[in-house]
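Residues per chain are reported as follows:
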Amino acid sequence: TPLASLTLKNQWTHWDGSLLGPDGMDSETSLFQPSIPFPINETDSIFFRPAFAYLVNQPVVDATGKVGSESGFGDMGMDLAFGRTSKAGFLTAVGLVAGIPIGADHLTSNTWNLGPEMFVGKISKKSVVGVLTNQQWDVSGPRETSLTTIQPIFTFLPGGGWAIGSTGTSSYNWETEQWTIPLQMQVAKTMKVGELPVKVALEANYYLERADSLGQDWMIGLNITPVVPNILAAWLQNN
């Protein structure tokens, strides 16, 4: 698509684990994630998708194992991929995913991460199915990283701008040998605000698998995504 999407995610998370008290801890995350495609031809595009997060009351563990909370900007995520859509609706993409340590003092890993990503899927008038997966390793910094993420996508499109399904992201940390697996459901509605298409989505996550010491128990998210003209791609084409 020659259009860009500007996703703002607001997430409310309840944390639990042996390092916390009986009531656990609550945090909030505001994530801005624009997705900017650069069309090459009718079927091929290059996609750039940075992610900027602001964290409120994020749990942090100090050197003694005590849990506190901090607020501020987190590290930046980014992916860059080449994607292709066939006339039959098959979707494929390959690229790179990166983690850039720009976060506040206690909210950054101080480590640069990099690795490959791949997406395969199928879109039709009634559904979108696919899987996005990536692997990140540390390339610079003090923290050893080996993290695999898998995002299965099952979305039913009943019509009228509605979308119902699951897009939960699971991960496996090879350093700690720990899975994080959510049970996720999402309902979305695309509508017009004036002439601007906007998708509003509500998601709920319950974590079936997480770290026993400190992990996400459940998360509720509200996502708002305006779809706007791709000014950057148009400028590059004209220059």
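The structure we're discussing is the one just above.
Predicted, not measured: the structure shown is a model, and the values here were computed from it.

(A) Examining the pairing of strand β8 (residues 127–140) more closely. Judged from the ten bridges that link them, strand β7 (residues 112–123) and β8 form a sheet pairing that is antiparallel. Its bridge partner lying in β8, G121 is registered against G130. What sits between β7 and β8 in their antiparallel hairpin is a turn of three residues. Two elements, β8 and strand β9 (residues 146–159), share eleven bridges in a ladder whose sense is antiparallel. Across the sheet, the residue bridging to N134 is T149, located in β9. From the end of β8 to the start of β9, which pair antiparallel, there are five residues, and G141 there has a positive phi angle of about 125°.

(B) How the structure looks around the environment of D217. Of note, D217 is situated in strand β14 (residues 215–229). According to the relative accessible area criterion, D217 is buried, its value standing at 15%. Sequence separation between D217 and Y207 is ten residues, and the spatial gap between their C-alpha atoms is 5.5 Å. If sequence neighbours within four positions are ignored, D217 has contacts with H14, W15, D16, Y206, Y207 and R210.

(C) The side chain of E117, seen in detail. Tracing the sequence through the fold places E117 in strand β7. Salt bridges are absent for the buried E117, whose nearest opposite-charge side chain, R49, sits at 5.0 Å. Not counting residues up to four positions away in its chain, the partners in contact with E117 are D79, L80, A81, A93, V94, G95, L96, V97, L132, T133 and N134.

(D) Quick look at the packing of aromatic side chains. Scanning all chains against the criterion turns up three aromatic pairs. Taking 5.0 Å as the distance between ring centres and 80° as the angle between the ring planes, the aromatic pair formed by Y54 and F73 counts as edge-to-face. Of the two residues, Y54 sits in strand β3 (residues 44–61) while F73 sits in strand β4 (residues 67–73), which places them 19 residues apart along the sequence. The class of Y54 is partly exposed, set by a relative accessible area of 35%. A residue is classified by how much of its surface remains accessible, and F73, at 53% relative accessible area, is exposed. Geometrically, the ring pair formed by Y172 and W179 is tilted, given 5.0 Å between the ring centres and 50° between the ring planes. Given a relative accessible area of 15%, Y172 falls into the buried group.

About the cut-offs
Residues numbered from 1 in each chain as written. Predicted model: local features only at pLDDT ≥ 70, side-chain atom pairs only at ≥ 80, totals over all residues. Heavy atoms only, no water. Pairing = 2+ DSSP bridges. Helix = DSSP H or I, 4+ residues; strand = E, 2+ residues; numbered from the N terminus. Buried < 20%, exposed > 50% of the residue type's maximum accessible area, 1.4 Å probe, protein only. Contact = heavy atoms within 4.5 Å. Lys, Arg positive; Asp, Glu negative; His and termini not counted. Salt bridge = Lys/Arg side-chain N within 4 Å of Asp/Glu carboxyl O. Phe/Tyr/Trp six-rings, centres within 6.5 Å; stacked < 30°, edge-to-face > 60°.

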